[in-house]
Protein chains: 4
Amino acid sequence: MADEYLWKDVDPEFAQRVQDSFARQGLMQHLGARIAQLQPGRVEIRVPYRSELTQQHNYFHAGVSGAIADSACGYAAYTLTAAGSSVLTVEYKINLLAPAAGEELIARAHVVRSGKTLKICAGDVYVRKGETETHCATMLATIMCLPGKSDRAA
Amino acid sequence: MADEYLWKDVDPEFAQRVQDSFARQGLMQHLGARIAQLQPGRVEIRVPYRSELTQQHNYFHAGVSGAIADSACGYAAYTLTAAGSSVLTVEYKINLLAPAAGEELIARAHVVRSGKTLKICAGDVYVRKGETETHCATMLATIMCLPGKSDRAA
Amino acid sequence: MADEYLWKDVDPEFAQRVQDSFARQGLMQHLGARIAQLQPGRVEIRVPYRSELTQQHNYFHAGVSGAIADSACGYAAYTLTAAGSSVLTVEYKINLLAPAAGEELIARAHVVRSGKTLKICAGDVYVRKGETETHCATMLATIMCLPGKSDRAA
Amino acid sequence: MADEYLWKDVDPEFAQRVQDSFARQGLMQHLGARIAQLQPGRVEIRVPYRSELTQQHNYFHAGVSGAIADSACGYAAYTLTAAGSSVLTVEYKINLLAPAAGEELIARAHVVRSGKTLKICAGDVYVRKGETETHCATMLATIMCLPGKSDRAA
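As a starting point, this report considers the structure included with it. (Residues numbered from 1 in each chain as written. Chains lettered and ligands numbered in written order. Predicted model: local features only at pLDDT ≥ 70, side-chain atom pairs only at ≥ 80, totals over all residues. Heavy atoms only, no water.)

A few words on the side chain of C:Q56. Here C:Q56 is to be found in the loop between β2 (42–48) and α4 (62–78). A residue is classified by how much of its surface remains accessible, and C:Q56, at 6% relative accessible area, is buried. Separated by 2.9 Å, the side chains of C:Q56 and D:Q25 make a polar contact. In this structure the side chain of C:Q56 is engaged in a polar contact, spanning 3.0 Å, whose partner is the side chain of D:D151. Setting aside residues up to four positions removed in sequence, C:Q56 forms contacts with D:S21, D:R24, D:Q25, D:Y75, D:S86, D:V87, D:D151, D:R152 and D:A153. (Helix = DSSP H or I, 4+ residues; strand = E, 2+ residues; numbered from the N terminus. Buried < 20%, exposed > 50% of the residue type's maximum accessible area, 1.4 Å probe, protein only. Polar contact = N/O pair within 3.5 Å; in protein donor to acceptor, adjacent residues only side chain to side chain. Contact = heavy atoms within 4.5 Å.)

Spelled out as C-alpha cells, the structure:
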C-alpha cells in the first residue's frame, strides 16, 4: 500500500547496486539463492531445495529461512538508499509458522517504514511444493543505513 | 546460575541424541559447523571462516550467526527433553552487535526457562580473531518440545 | 485472506468470553482501553489520549502501544480457542514506526497461524488525529493456549 | 562485565537528566513506577502491585512488564548519551517466563552494546513475593540516540 511514494527519489542505479552487492555475498551463493524480483522497497529471493540446506527432518533449515529473509529485508531497504551508501541489519525477529517442506523457499520482503537512518522491513517466507505455496515464516527487521560507507570490503 | 537443577531428570542419552540430530542437519555440515561443547541446558557451536559464509564486506553473514545460534538454542533445549522426543524453533530474535570479522564464529546458548512444552533460550555469538573474542550477536529463542515425535525424517 | 477458515469450529460464546476476560484486566480499565471490534481471529482495541498515558514528549508511551497490541493479539487468539480454556502471551516483538502523537491509539490484531497449542498473531498500532490514522507500531506475538485452564483467578 | 568502560565520558548530569525525563512520563506515574537504581548503563525500575495493573488472573499484566522494562532499557541508554540529547525505542522483544504473581515488579536493564547512534539493551523483569524474586520476563531492546533533540515536549 502506498508503494508509489517509495519511488520518488529512488537512486536510478538501485537495481545494479543490489545485484552487485548480492553477488558479493558468499553465503547467498553457497545456499544457491538468487534475487527473483526487485523493485524499490521490495525484494524476492528464491532458493531451490537440496540436502545441504536441511534440518534433521529433511525440511529446509530455519537458518535458511532466516538468512534469505534477512537478505531480502536488507536489500529491500538498500533499494531506497542513496548511491555510495551501505546497509546493515541491526536486528530481526522471525516466527516459524509451518514446516518448510517443499521444492523451493521464497522470501518476500518490503519496507514498512523508510526513515532516514533506519528502515523497518517485513519479510515473509513461503515454501513451494508444485504450484502450492505455504506461508512458513514471517520476519520483522530493523535495517540501518550507512551513508558514505562503501558496500565493498576495504 | 542454578544450572545444577537442570541436571536432575536429564536423559542420560542426551549427548548422543544431540550429536545424532546435529549430524542429520545438512545445513550445519554445509556451513562447516560443529558442536564444541555440550552439557544439559548448554550448547556451543563453532564454525571456521571461509568465503562461502560471507556478506558483501567479507565478514561472516548475519545468516550464519542466526543459523548457528538458532541451532545452539534448539539443541540446548533438546538436551532437557525426554528420549523419543523432538524440538522445533517457534521463533527467535537476534540483535547484531558488531561486525563478525574474524577466523571463527562461536554460538553459545543456554536454557533460560525450561517449561514442559516451551523452553526459552538465550544465545550469544562471538567472533574470534586470534585469542580475542568479540561479542557480535545476541539471541532470544522460543523452542517447542514435541514429546513422542521422532527427530528423524519419516 | 482466507479468514473464512477461521470461522469453522469457532466457539459460539467467543465474544462473551473475550469481553468477560477483558473486563477482568485491571490494566485495560486503568489505561481506559475498550474493545472496539471483535470477530473470530481479529480484535481491535482503542484508547483515548490523556496525560496519564504519555512519555516525556507528551506522545502516547510505547508501553501503551505494547500493552494494547499485546492484549489485542492475545484476545484474537482467544476467539479461536475452545470454551473453558485460557491463553497466555509467550513473547512478542514490537517495532515503533512513528511518534504516537494523536487523540486515540488503535491496536488491530489478527491470527496469522492458528496452531493447536500456539497461535502466532500480528498486531498493528495506529494513532488517530482527526480523521487521519498513522501507522505507529507493528507487533508479532506468540500466544499459548491452555485448554482446561480457567481464565479466572483461582 | 567491563562496566567500567561505560563510565568514561559519561555526562556528569546523567542522573538528573534521567530523573527529570522519567518525571515527565505520565505513564510511569500512572503505573506507580519509580526509579530504584541508576548508574551509567544500568537502571532499575520498581512498581508495587495493585489491582489496576492486572490481567485476568490478577497477576501483573504483561503490558506492565513490557512498559517498565522498555523504560528501564531506554533510560539505561539515556545515561550514556550526551547532554541535550534524547532517546527513543526503535523496537523491543520480550519473553514472558513465568506468571508475574507477587507484591512488586522489578525491571533491571543494562546496555549491552553502546554504539554512537544505537544502543542495544537487555532488560530482565522479576516479581518479588516477600523476599523471593522470580525471573518473569526478559527483553532485548534497540534504542536510538537523537543528539540535539530535546527530551521535552516542543
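The subject of this paragraph is the interface of chain D and chain A. The figure often quoted for interface size is the accessible area lost as the parts come together. Contact with chain D, which involves eight residues of that partner, is made by eight residues of chain A. In total, chain D and chain A occlude about 540 Å² of area from one another, counting both sides; carbon and sulfur atoms represent 81% of this. At the surface where chain D touches chain A, the tally comes to zero salt bridges. At the boundary of chain D with chain A, the tally comes to zero residue pairs in polar contact (both at pLDDT 80 or more). Elements with a minimum of two residues in the side of chain D that touches chain A: β3 (86–96), β5 (118–129) and β6 (132–146) of chain D. (Buried area = accessible area lost by both parts, 1.4 Å probe. Salt bridge = Lys/Arg side-chain N within 4 Å of Asp/Glu carboxyl O.)

With that settled, consider the interface of chain A and chain B. Counting residues at the interface gives 41 residues for chain A and 41 residues for chain B. Carbon and sulfur atoms make up 51% of the area that chain A and chain B hide from each other, which totals about 3000 Å². Where chain A packs against chain B, one counts two salt bridges. A salt bridge links A:K93 to B:E91; the nearest nitrogen and oxygen atoms lie 2.6 Å apart. On the surface where chain A and chain B come into contact, there are 26 residue pairs in polar contact (both at pLDDT 80 or more). Of the residues forming the side of chain A that touches chain B, the biggest block, 10 residues, is contributed by strand β3 (residues 86–96) of chain A.

So, about empty space enclosed by the protein. Over the atoms rolls a probe the size of a water molecule, and its path tells where empty space is left. For the coordinates displayed, the defined rule picks out two cavities of 30 Å³ or more. Considered as a void within the structure, the largest cavity measures approximately 40 Å³ in volume. Forming the boundary of the largest cavity are C:L27, C:L31, C:G63, C:V64, C:A67, D:L27, D:L31, D:G63, D:V64 and D:A67. For the lining of the largest cavity, the secondary structure elements donating two or more residues are α3 (26–31) and α4 of chain C together with α3 (26–31) and α4 (62–78) of chain D. In terms of residue class, the lining of the largest cavity is built from eight nonpolar, two polar and no charged. Its boundaries defined by the atoms lining it, the second largest cavity holds a volume of some 30 Å³. Together, A:L27, A:L31, A:G63, A:V64, A:A67, B:L27, B:L31, B:G63 and B:A67 line the second largest cavity. When contributions to the lining of the second largest cavity are tallied by element, the ones reaching two or more residues are α3 (26–31) and α4 (62–78) of chain A together with α3 (26–31) and α4 (62–78) of chain B. Ranked by residue count, the leading element in the lining of the second largest cavity is α4(A), at three residues. The residue makeup of the lining of the second largest cavity, split by class, is seven nonpolar, two polar and no charged. (1 Å grid on protein atoms, 1.4 Å probe; cavity = no way out; pocket = protein on both sides within 12 Å on 5 of 7 lines; lining within 4 Å. Points joined across faces, edges and corners; volume = space filled by probe spheres on them. Nonpolar A, V, L, I, M, F, W, Y, C, P; charged D, E, K, R; others polar.)

This part covers the environment of D:T142. Assignment of secondary structure puts D:T142 in strand β6. Along the backbone, D:T142 and D:I45 are 97 residues apart, and their C-alpha atoms lie at a distance of 18 Å. Those residues in contact with D:T142 that sit more than four places away from it in its chain are A:V90, A:E91, B:N95, D:L88, D:T89, D:V90, D:E91, D:L118, D:K119 and D:I120.

Ordered in space as β1(A)-β2(A)-β4(A)-β5(A)-β6(A)-β3(A)-β3(B)-β6(B)-β5(B)-β4(B)-β2(B)-β1(B), the 12 strands form an open sheet in which the pairing is antiparallel. Among the strands making up the open sheet, the edge pair consists of β1 (34–39) of chain A together with β1 (34–39) of chain B. Each strand axis lies, on average, 20 degrees off the axis of its neighbour in the sheet, ignoring direction. Relative to strand β4 (residues 104–114) of chain B, strand β2 (residues 42–48) of chain B is paired through seven bridges, and the arrangement is antiparallel. The residue of β4(B) that forms the bridge with B:I45 is B:A107. (Pairing = 2+ DSSP bridges. Axes fitted to C-alpha atoms, helices over the stretch in contact; angles between N-to-C directions.)

Take the environment of C:R46 next. All names here are of chain C. Within the fold, R46 resides in strand β2. Remark: the alpha-carbon pair of R46 and I106, spanning 60 residues in sequence, is separated by 4.5 Å. With residues near it in sequence (within four places) discarded, R46 still touches G32, A33, R34, A36, E104, L105, I106, R108, R128 and E133. At 2.6 Å, the side chain of R46 and the side chain of E44 are in polar contact. A polar contact is formed between the side chain of R46 and the side chain of E104, at a distance of 2.7 Å.

On to the packing of aromatic side chains. One pass over the full model with this rule turns up 14 aromatic pairs over all chains. Consider the rings of B:F22 and B:Y75, whose centres lie 6.0 Å apart with planes at 65 degrees: the pair is edge-to-face. Here B:F22 is found in helix α2 (residues 14–23), whereas its partner B:Y75 is found in helix α4, with 53 residues between them in sequence. Exposure class is identical for B:F22 and B:Y75. Each is buried. Summarising the aromatic geometry, the rings of C:Y49 and C:F60 are spaced 5.3 Å apart at their centres and angled 85 degrees between planes, so their arrangement reads as edge-to-face. One end of the pair, C:Y49, is in the loop between β2 and α4; the other, C:F60, is in the loop between β2 and α4, with 11 residues separating them in the sequence. Site record: aromatic cluster; members linked through ring pairs are A:F22, A:Y75 and A:Y78. (Phe/Tyr/Trp six-rings, centres within 6.5 Å; stacked < 30°, edge-to-face > 60°.)

Attention now goes to α4(A). For α4(A), which comprises 17 residues, the first-to-last C-alpha distance of 24 Å matches the rise-based estimate of 24 Å (1.5 Å per residue) to within 8%. Counting buried residues in α4(A) gives 17 out of 17 residues, a clear majority hidden from the surface. (Expected span 1.5 Å × (residues − 1).)

What follows deals with the relation of the copies chain A and chain B. Superposing chain A onto chain B requires a rotation of 180 degrees together with a translation of 0.0 Å along the rotation axis, leaving an RMSD of 0.0 Å. As the rotation angle and translation indicate, the two copies are arranged about a two-fold axis. Of the C-alpha atoms belonging to chain A, the one lying closest to the rotation axis is found on A:K93, 2.0 Å away. Comparing contact sets, 100% of the residues at the interface of chain A also lie at the interface in chain B, consistent with an isologous, same-surface contact. (Least-squares fit on C-alpha atoms with pLDDT ≥ 70 in both.)

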